[in-house]
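# Report on the structure
Here is what each chain is made of, one letter per residue.
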Amino acid sequence: MDIGKMYINGEWILAKEQGTREIINPANGEVIKVVTEATEKDVEEAVMSARRAFDSGLWSQLKPEVRATFLLKIAEEIEKSKEELAQLETINNGKPLGEALSDVETAADAFRYYAGLTRTAFGETFDSSLDSMVVKQAVGVCALIVPWNFPLQMAAWKLAPCLAAGNVAVFKPAETTPLTAIKLFEIFEKVQLPKGVCNLVLGSGQAIGDLMTSHRGVNKISFTGGTETGKKVMTNALQTMKKVTLELGGKSPIVVFPDTDLEKTAEYIMFASFLGAGQICSAGSRLIVHESISAELTSILIKHTKKIVVGNGLDNSVQMGPIASIQHMNKVLGMVEKAREDGAILLTGGHRITKAPLDKGSFIEPTIFMVEDNDIEIVQEEVFGPVLVIQTFREEEEAVQLANSTKYGLAGAVFTKDFSRAIRMSKNICSGTVWINKYHSVNNQLPWGGFNQSGFGRDLGKDAFNEYLETKVIQMNLSNDALGFYDSFI
Ligand code: TXE
């Protein structure tokens, strides 16, 4: 088996210390690839390669339309490799093929969208009395770190705006899901992205994350991952005052009022909670439902949740894949166990699936709890698995209070036919996105990120593009007059 390599300074290389890692298919536990595993020496080389590329201006000084052409070619190549990329994502992350295909389309669209924005890094000019201009320019070397739940899509969400704005990158996928990133870098090579502009390092966050986020040669960090890791990233970045974008965990509420169609709403709730086996930062993991409809909605949810087809994502009939790794499955099962100890009432699911052939993979039943105590771990902490907790409310104010009662603030949803209430609730829920009568719709044009401990800064939209730009003021002296400040010159 060929060892998967890193891409540094336009060359495919093995890690200097020859470490390797087995990449596992979470649907059956099989080794699908062995990849090289970086140490800090490799990160040093990658940052230096990026630094040289940025300082030479070979990318930042290209005309925007030329940079845009590269991005458009990348989008085209992603689309040409759509099937292969989706298959890789499914065998590496476990998500059903249909979800993987949609991720690939979103990734291609991100490169296309930011190709358009490349030409819009507008500054300002001020009238003759000021003789000044404000210009926008690339920030420099960006360390981009992504997790394992949307390996390709998040790579695109970070690399596309980074490159569009004229920056260069050192990119690290999650150590367990590097396969689509390797393929993406093959595309970069194919479209002849200049050497050193995008560098790929493969390795564990614990081993190389600290250097990536503290290196003096790095100017900006964009990180998506867990809140605790985000805090470490921020602490590291502090020493050299890097610009930081953090997209972290969530515990998103779904508030349901009695005036909704319960069957339709139930389907959205299941989609919110169980898409990606719940391993989505914006997963709707807390259902806050009006007490008058709680029993009926709960019984619809239980009935349909039991019918979710769980299995290998390569099988077209499958609706929910495995948990992305054994380690993470054990973490999720531990939280389920703790929830029971804490008094949450298990309504359905709650176990690892041990029936062959799923016993070889890391599969968990879609799980629903009813809870009364708002302070227990299963309500307050991100599970990042297919686990929904149900709480009830009487008054709208109580629903808002419950919705805003965790440390997170990434997303939320409200289901009601009352327009005024929908808007009022949207304004009152403290999160970066609020969906009304829908869930999980994300578009590359719309900024994506969180309030509170879900992070700060934004991926996507013009906001992300701007985060990869510095603002510079240039003031000009167009006269020949002397300054006249020191008497001795007069
Ligand atoms: O995340 P980590 P883990 C949440 C989710 C999950 C928890 C832990 O609740 O249960 O985080 O998951 C890299 N410096 N989310 O441990 O460690 C790591 O290599 C720099 C939500 O997998 O945050 C990977 O590339 N980087 C989240 C990336 O961080 C470091 C998605 C994410 O891994 C690092 C994933 C360090 N010191 C988990 N340590 C979301 N927002 O979608 C690790 N990494």
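Heads up: the structure comes first, above all this text.
Right, let's walk through the structure included here.

### Comments concerning the overall build of the chain
Within the chain one finds 15 helices and 21 strands. What you see for the chain is a C-alpha radius of gyration of 24 Å, in line with the 23 Å of a compact globule of 490 residues. In terms of overall dimensions, the chain has C-alpha extents of about 85 × 60 × 40 Å along its principal axes. Long-range pairs, those at least 24 residues apart, make up 73% of the contacts in the chain between residues at least 6 apart in sequence. Of the roughly 21,100 Å² of accessible surface on the chain, a fraction of 51% belongs to carbon and sulfur atoms. Computed over 49 positive and 60 negative side-chain charges, the inter-centroid distance for the chain is 3 Å.

### Remarks on the site of the ligand
The ligand sits among 27 residues. The nearest are Trp-148, Lys-172, Glu-175, Lys-331 and Glu-382. Between the ligand and Asn-149, the relevant distance is 3.3 Å, taken from an oxygen atom to a side-chain nitrogen or oxygen of the residue. The contact in question runs from a nitrogen atom of the ligand to an N or O atom on the backbone of Leu-248, over 3.0 Å. Where the shell around the ligand is concerned, the elements lending two or more residues are helix 7 (205–214), strand 11 (220–224), helix 8 (227–238) and helix 11 (326–341). A total of 4 residues in the shell around the ligand trace back to one element, the largest contributor, which is helix 7. Of the residues contributing to the shell around the ligand, the split by class is 11 nonpolar, 9 polar and 7 charged.

### Quick look at unusual backbone geometry
Of all residues except glycine, most have a negative phi; of all peptide bonds, most are trans. The omega torsion across Ala-356 and Pro-357 is 0°, close enough to zero to call that bond cis. Note that Pro-357 resides in the loop between strand 15 (345–348) and strand 16 (367–370). Of note in this structure, Gln-192 is not a glycine but carries a positive phi near 60°. The residue Gln-192 is located in the loop between helix 6 (179–190) and strand 10 (198–200) in this model. The exposed category is assigned to Gln-192, whose relative accessible area is 62%. One non-glycine residue with positive phi stands out, namely Met-241, at about 50°. Considering the arrangement of structural elements, one finds Met-241 in the loop between helix 8 and strand 12 (243–247). Assessed through its relative accessible area of 69%, Met-241 is described here as exposed.

### Examining the packing of helix 3 (residues 82–93) against helix 6
In contact at an axis separation of 8 Å, helix 3 and helix 6 are set at 155° when each is read in the N-to-C sense. The orientation of helix 3 relative to helix 6 falls into the category roughly antiparallel. Counted together, Glu-84, Leu-85, Leu-88, Glu-89 and Asn-92 of helix 3 and Leu-179, Thr-180 and Lys-183 of helix 6 form the full contact between these two elements. The residue makeup of the contact of helix 3 with helix 6, split by class, is 3 nonpolar, 2 polar and 3 charged.

### As for the sheet that holds strand 18 (residues 411–415)
Spatially, 15-16-17-14-13-18-19 is the arrangement adopted by the 7 strands of the open sheet, whose pairing is mixed. The open sheet has two free edges, formed respectively by strand 15 and strand 19 (433–436), since each of these has just one partner strand. Shown here is a sheet whose adjacent strand axes are inclined to one another by a mean of 25°, direction ignored. With 4 bridges connecting them, strand 18 and strand 19 associate as parallel partners. For Ala-413, the partnering residue across the bridge sits in strand 19 and is Trp-435. In the packing of helix 14 (residues 419–428) onto the sheet, the strands contacted are strand 13 (252–256), strand 18 and strand 19, and the crossing angle to strand 19 comes to about 165°.

### Comments concerning the nonpolar core
By size, the foremost hydrophobic cluster in this structure holds 142 residues, and its most contacted members are Phe-111, Tyr-114, Leu-159, Leu-287, Leu-301 and Ile-378. Looking at this core, the element that brings in the most residues is helix 4 (residues 97–117), giving 11 residues. Not counting the four nearest positions on each side in its chain, Tyr-114 is found in contact with Leu-71, Ala-160, Pro-161, Ala-164, Asn-444, Leu-460, Gly-461, Ala-464 and Phe-465.

### Side note on the sheet that holds strand 6 (residues 124–125)
Hydrogen bonds along the backbone pair up the strands of a sheet, which may run parallel or antiparallel. The strand order across the open sheet formed by 3 strands is 6-7-21, and the pairing between neighbours is antiparallel. Taken across any chain shown, the strands that pair with only one partner, and hence form the sheet edges, are strand 6 and strand 21 (469–475). Relative to strand 21, strand 7 (residues 132–138) runs antiparallel, the two being bridged by 7 bridges. Each bridged residue has a counterpart across the sheet, and for Gln-137 the counterpart in strand 21 is Glu-470.

### Observations concerning empty space enclosed by the protein
The full count for this structure, using the stated rule, is 2 cavities of 30 Å³ or more. Taken as a whole, the largest cavity encloses approximately 80 Å³ of empty space. Taken together, 15 residues form the lining of the largest cavity, with Gly-278, Ala-283, Ser-285, Val-383 and Phe-384 sitting closest to its centre. In this structure, the second largest cavity occupies an estimated 40 Å³ of space. Tyr-7, Gly-10, Phe-188, Glu-189, Leu-193, Pro-194, Lys-195, Gly-196 and Cys-198 are the residues that line the second largest cavity. Considered class by class, the residues forming the lining of the second largest cavity number 5 nonpolar, 2 polar and 2 charged.

### Looking at the pattern of salt bridges
Applying the stated rule across the entire model yields 22 salt bridges. Ionic pairing is found between Glu-291 and Arg-394, a salt bridge with its closest N-O pair at 3.2 Å. Remark: Arg-394 occurs in the loop between strand 17 (387–393) and helix 13 (396–403) and Glu-291 occurs in helix 10 (residues 291–305); sequence separation between them is 103 residues. When its relative accessible area of 41% is taken as the criterion, Glu-291 is described as partly exposed. A salt bridge links Glu-381 to Lys-407; its shortest N-O distance comes to 3.2 Å. Of this pair, Glu-381 sits in the loop between helix 12 (377–380) and strand 17 while Lys-407 sits in the loop between helix 13 and strand 18; the two residues are 26 residues apart in sequence, bridging distant segments of the chain. When its relative accessible area of 28% is taken as the criterion, Glu-381 is described as partly exposed. For Lys-407, a relative accessible area of 26% translates into the label partly exposed. Through salt bridges that share partners, Glu-77, Lys-80 and Lys-190 make up one connected network.

What counts, and at which threshold
- Within each chain, residue numbers correspond to sequence positions counted from 1 in written order.
- pLDDT decides what is reported in this predicted model: residues at 70 or higher carry local features, side-chain atom pairs at 80 or more are listed and counted, and totals for whole chains, interfaces and linings draw on all residues regardless.
- As a rule here, side-chain values come from all non-hydrogen atoms in the structure, and water together with hydrogens is ignored.
- In this description a helix means any DSSP run of H or I spanning at least four residues, a strand means any run of E spanning at least two, and both kinds are numbered starting from the N terminus.
- We take the radius of gyration over the C-alpha atoms and set the globule estimate at 2.2 Å times the residue count to the 0.38 power.
- What makes two residues a contact is simply this: any of their non-hydrogen atoms within 4.5 Å.
- Only the protein chains shown count as cover for residues, and all accessible areas are computed by the Shrake-Rupley method using a 1.4 Å probe.
- Under the convention used here, Asp and Glu are negative, Lys and Arg are positive, and both His and the chain ends fall outside the count.
- Lysine's charge is taken at NZ, arginine's at CZ, aspartate's at CG and glutamate's at CD.
- Here a residue is near a molecule or strand as soon as one of its heavy atoms is found within 4 Å of it.
- Here a polar contact means two N or O atoms within 3.5 Å. Within protein one must be a hydrogen donor candidate and the other an acceptor candidate, and residues neighboring in sequence count only if both atoms are side-chain atoms.
- Ten residue types, Ala, Val, Leu, Ile, Met, Phe, Trp, Tyr, Cys and Pro, are classed as nonpolar, four, Asp, Glu, Lys and Arg, as charged, and the remainder, Gly among them, as polar.
- Burial classes follow relative accessibility: with a 1.4 Å probe on protein chains only, a residue under 20% of its type's maximum area counts as buried, one over 50% as exposed, and anything between as partly exposed.
- Axis lines are fitted through C-alpha atoms, for helices just across the contact stretch, and the angle between N-to-C directions can take any value from 0 to 180 degrees.
- Angles below 35 degrees are treated as roughly parallel, those above 145 as roughly antiparallel, those between 65 and 115 as roughly perpendicular, and all remaining angles as oblique.
- Paired strands are those between which DSSP finds at least two bridges.
- Put simply, buried Ala, Val, Leu, Ile, Met, Phe, Trp, Tyr and Cys residues joined by side-chain atoms within 4.5 Å make one nonpolar core.
- In this analysis the probe radius is 1.4 Å and the grid spacing 1 Å, with only protein atoms considered; a cavity is a set of points the probe fits into but cannot get out of, a pocket is an open set with protein on both sides within 12 Å along at least five of seven lines, and lining residues have an atom within 4 Å of a point.
- Grid points are joined across faces, edges and corners, and a volume is the space filled by probe spheres set on the points.
- Salt bridges are defined by distance alone: a side-chain nitrogen of Lys or Arg within 4 Å of a carboxyl oxygen of Asp or Glu.

None of this, on its own, says anything about what the molecule does.
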